[in-house]
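# Structural description and commentary
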Amino acid sequence: MYFGSIVQYAAIVQSDSIIFENHDNYQKQTYRNRTYIYTANGKLLLTIPIKHKGNGERQLYKDIRIENDFGWQTLHWRSLETAYRTSPFFEYYEDEFAHLFEKKKEFLLDFNYECMHVIFECLELGSDYLKTKEYIKTPENINDLRTLVNARKEDSYPLAPYIQVFEDKHGFIPNLSILDLLFNEGTNAVSYLENQSVL
């Protein structure tokens with residue numbers, strides 16, 4: 001996922017072991033190339049443009065290439081700065097993230113792992129996880145949470161409110177990008193994630 005949602009990171013923090021899916025087909029309208037942040041105008045969708053083959057064939061997620069002709073990195077970073085510059089922890093973490101938006105990226109999956117590693121470092125999470133070696137439609141003996149990547153069929157989770165920058169304008173908006181929680185809660189983010197009912 002591209003800076004995954006709070007629910008996704010709550011599931012990661014609360015899991016004893018994690019296996020990330022690396023061999024499924026890419027699907028549109030998922031959190032693989034999109035994330036939501038909170039701006040002065042409310043909820044804003046940030047989408048990474050991808051290269052489509054155009055022949056209707058399915059592509060594996062790991063083969064999806066990023067379309068870099070649109071200057072999306074500059075747009076996304078400026079959006080994050082505008083949205084979170086006045087948040088309590090943006091300046092504390094901004095150097096950790098700025099480099100992600102400076103060099104062009106080729107593959108979406110690789111870039112998402114790069115973003116995830118930065119989040120793991122900021123949250124001080126260990127990077128003990130596995131990656132699938134093949135696609136298994138119905139895995140046994142694991143809690144299959146791959147549906148959390150779907151943006152269209154998203155379940156609702158009772159997330160506790162925390163203070164958000166533009167809350168006085170639009171109220172509390174739950175389950176945004178993990179960046180919203182990190183920039184607003186900082187070092188309290190992990191304990192927040194540990195205490196949400198998502199599993």
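My aim in this report is to walk through the structure given alongside it, one point at a time. All of these numbers come straight from a predicted model, not from anything done at the bench.

Our next topic: the overall build of the protein chain. When helices and strands are tallied, the protein chain shows seven helices and four strands. Computed over C-alpha atoms, the radius of gyration of the protein chain comes to 17 Å, within 12% of the 16 Å expected from 2.2 N^0.38 for 199 residues, which places it in the range of a compact globule. Considering only C-alpha atoms, the protein chain reaches an extent of 45 × 40 × 30 Å along its principal axes. Long-range pairs, those at least 24 residues apart, make up 71% of the contacts in the protein chain between residues at least 6 apart in sequence. Summing over all exposed atoms, the protein chain offers an accessible surface of approximately 11100 Å²; the carbon and sulfur share of this is 46%.

A few words now on the packing of helix 2 (residues 72-84) against helix 3 (residues 90-98). Interaxial distance between helix 2 and helix 3 falls to 12 Å at its minimum, and their mutual angle equals 175°. One way to sum up the angle between helix 2 and helix 3 is to call them roughly antiparallel. Side by side, helix 2 and helix 3 meet where Trp77, Leu80, Glu81 and Tyr84 of the first sit next to Phe90, Glu94, Phe97 and Ala98 of the second.

Below, the discussion takes up the pattern of salt bridges. If the charged atoms of two oppositely charged side chains come close together, the side chains can form a pair. Inspection of every chain in the model, using the stated rule, returns four salt bridges. We note a salt bridge from Arg85 to Glu81, for which the minimum N-O separation is 3.0 Å. Taking relative accessible area as the criterion, Arg85 reaches 32% and is therefore assigned partly exposed. A relative accessible area of 24% places Glu81 in the partly exposed class. Where salt bridges share partners, they join Glu81, Arg85 and Glu94 into one cluster.

With that settled, consider the pairing of strand 2 (residues 34-39). Most of strand 2 sits out of view: six of its six residues are buried. Going residue by residue along strand 2, you find Arg34, Tyr36 and Tyr38 tucked away on one face and Thr35, Ile37 and Thr39 tucked away on the opposite face as well. Where strand 2 lies against strand 3 (residues 42-47), six bridges are found, and the strand directions are antiparallel. Bridge pairing links Tyr36 to Leu45 in strand 3. Connecting strand 2 to the next strand, strand 3, in antiparallel fashion are two residues.

About the criteria used
- Position numbers for residues count from 1 along each chain, tracking the sequence in the order it is written.
- Side-chain atom pairs in this predicted model are given and counted only at pLDDT of 80 or more, local residue features only at pLDDT of at least 70, and totals for whole chains, interfaces and linings cover all residues.
- Excluded from the side-chain calculation are hydrogens and water; included are all heavy atoms of the structure.
- The way it works is that DSSP assigns letters per residue, a run of H or I at least four long becomes a helix, a run of E at least two long becomes a strand, and they are numbered from the N terminus.
- When we talk radius of gyration, it's over C-alpha atoms, and the globule rule is simply 2.2 Å times the number of residues to the 0.38.
- Should any heavy atoms of two residues lie within 4.5 Å, those residues are considered in contact.
- Note on areas: Shrake-Rupley with a 1.4 Å probe; residue coverage comes only from the protein chains shown.
- Axes, fitted as lines to C-alpha atoms, cover a helix only where it is in contact. Angles between the N-to-C directions of the axes lie from 0 to 180 degrees.
- Should an angle fall under 35 degrees it is taken as roughly parallel, and over 145 as roughly antiparallel, whereas 65 to 115 is taken as roughly perpendicular and any remaining angle as oblique.
- Each reported salt bridge corresponds to a side-chain nitrogen of Lys or Arg within 4 Å of a carboxyl oxygen of Asp or Glu.
- Throughout this description, buried means an accessible area under 20% of the type-specific maximum (1.4 Å probe, protein chains only), exposed means over 50%, and partly exposed covers the range between.
- Each pair of strands is called paired provided DSSP finds at least two bridges between the two strands.

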